[in-house]
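# Inside the fold
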Amino acid sequence: MKIAILGDIHGNIEALRTAYDAAVSNNVEKIYHLGDLGGYAPFVNEVVDFLIEHQIEGVQGNYDDAVANGKEHCGCKYEDPVQAEMATMSFEWTKGHATQKSKDYMKCLPFDIEFSVHDKKVKIFHATPLKNNLYWHNDRDEDFFLHMARKADADIMIYGHTHIPYRKNIGNKVFINAGSVGKPKDGDARTCACIADITPDNVKTEFLRIPYDVEKVASAIIESGIPSYFAERLRQGK
Ligand SMILES: [Fe+2]
């Protein structure tokens with residue numbers, strides 16, 4: 001079974017359209033999203049409408065939970081005080097501009113999605129099986145990965161939140177961080193669509209990196225009133 005996973009879209013409709021088209025051209029059977037639909041770029045409502053229109057199932061991210069439930073903080077971690085201030089402005093902007101329809105959609109997203117393929121249990125969630133705002137980077141030690149696999153009670157785990165893609169195998173467990181469609185942080189500004197092909201004896205993973213009109217979205221960020229800081233970060237893939 002070949003599936004596509006679209007991680008952290010963050011209000012970036014141009015990147016979403018591009019990643020979706022790439023997934024469709026790869027003849028996937030099903031497309032999932034990993035939540036975090038708004039913030040940092042202005043198209044949160046367009047993103048929600050696109051996911052509904054194309055029947056893309058997905059899970060709730062920490063950002064969705066915070067926007068939909070009017071929380072004070074998005075639950076993200078910041079590298080410095082400037083980033084914290086900018087991110088707070090972007091979060092307030094998103095809470096103020098997301099429609100009730102978008103908030104209702106985000107509120108109803110499940111914490112995780114589980115299914116079986118060839119006797120392997122697949123689990124999809126935003127960040128970790130227990131908490132949706134914990135950063136699960138590739139350099140966590142093996143014990144952490146195996147602990148998470150036990151908590152997930154799954155063979156193949158697919159998640160995002162860090163915006164940096166990776167694939168790792170430990171024993172017969174497969175860990176896939178799908179990266180981010182709309183706000184990559186690995187220094188590559190192109191969008192990212194993760195393709196996972198699950199066969200009876202293997203899981204093949206591909207991270208498709210596709211160029212899109214970053215400048216169009218950067219201009220829209222500046223015009224919207226979201227700090228121009230995020231336009232620059234988008235251009236840099238940070
Ligand atoms: Fe995110």
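Below, the structure is looked at part by part.

Conventions and cut-offs
- Residues numbered from 1 in each chain as written.
- Predicted model: local features only at pLDDT ≥ 70, side-chain atom pairs only at ≥ 80, totals over all residues.
- Heavy atoms only, no water.
- Axes fitted to C-alpha atoms, helices over the stretch in contact; angles between N-to-C directions.
- Helix = DSSP H or I, 4+ residues; strand = E, 2+ residues; numbered from the N terminus.
- Parallel < 35°, antiparallel > 145°, perpendicular 65-115°, else oblique.
- Contact = heavy atoms within 4.5 Å.
- Nonpolar A, V, L, I, M, F, W, Y, C, P; charged D, E, K, R; others polar.
- Donors = N, O, S within 2.8 Å, 3.2 Å for Na, K, Ca; no water.
- Tetrahedral: all angles 85-135°; square planar, octahedral: opposite > 155°, others 65-115°.
- Buried < 20%, exposed > 50% of the residue type's maximum accessible area, 1.4 Å probe, protein only.
- Pairing = 2+ DSSP bridges.
- Polar contact = N/O pair within 3.5 Å; in protein donor to acceptor, adjacent residues only side chain to side chain.

### As for the packing of helix α1 (residues 13–25) against helix α2 (residues 44–53)
It is at 9 Å that the axes of α1 and α2 come closest, and there the two elements cross at 25°. Judged by the inter-axis angle, α1 sits roughly parallel to α2. Counted together, Ile 13, Leu 16, Arg 17 and Tyr 20 of α1 and Glu 46, Val 47, Phe 50 and Leu 51 of α2 form the full contact between these two elements. For the contact of α1 with α2, a count of residues per class yields six nonpolar, no polar and two charged.

### A word on the side chain of Glu 14
Within the secondary structure layout, Glu 14 lies in helix α1. Those residues in contact with Glu 14 that sit more than four places away from it in its chain are Tyr 212, Lys 216 and Val 217.

### A word on the coordination of the iron ion
For the iron ion, the full set of protein donor atoms is Asp 8 (OD), His 10 (NE2), Asp 36 (OD) and His 163 (NE2), at a range of 2.1 to 2.4 Å. If you look at the iron ion, its four donor atoms make angles of 82 to 174° with each other, and the shape they trace is irregular. All donor residues of the iron ion come from one chain, and their arrangement in sequence is D-x1-H-x25-D-x126-H. Placement of the pair is Asp 36 in the loop between β2 (30–33) and α2 and His 163 in the loop between β6 (156–159) and β7 (166–170), with a sequence separation of 127 residues. A relative accessible area of 2% places Asp 36 in the buried class. Assessed through its relative accessible area of 4%, His 163 is described here as buried.

### Some thoughts on the pairing of strand β9 (residues 191–199)
Where burial is concerned, most of β9 is hidden: seven out of the nine residues are buried. By the bridge criterion, four bridges tie strand β1 (residues 2–6) to β9 in an arrangement that is antiparallel. Residue pairing across strands places Ile 5 opposite Cys 194, the latter belonging to β9. Pairing of β9 with strand β10 (residues 202–210), which is carried by nine bridges, proceeds in the antiparallel orientation. By the bridge assignment, Ile 198 is partnered in β10 with Val 203.

### Observations concerning the side chain of Thr 128
As for its position among the elements, Thr 128 is in the loop between β5 (120–125) and α6 (142–152). For Thr 128, the side chain forms a polar contact with the main-chain oxygen of Lys 131, separated by 2.7 Å. With sequence-adjacent residues up to four places away left out, Thr 128 is seen in contact with Phe 111, Leu 134, Trp 136 and Met 148.

### Topic: the sheet that holds β6
Strand pairs in the sheet, formed through backbone hydrogen bonds, run parallel or antiparallel to each other. Spatially, the five strands line up as an open sheet ordered β4-β5-β6-β8-β7, and their pairing is mixed. This sheet does not close on itself; its edge strands, each paired only once, are β4 (112–117) and β7. When strand polarity is set aside, the average angle formed by the axes of neighbouring strands in this sheet is 15°. Where β7 meets strand β8 (residues 173–177), five bridges bridge the pair, whose relative direction is antiparallel. Paired with Arg 167 across the two strands is Ile 176, which belongs to β8. In the packing of α6 onto the sheet, contacts are made with β5, β6, β7 and β8, and the angle to β7 comes to roughly 85°.

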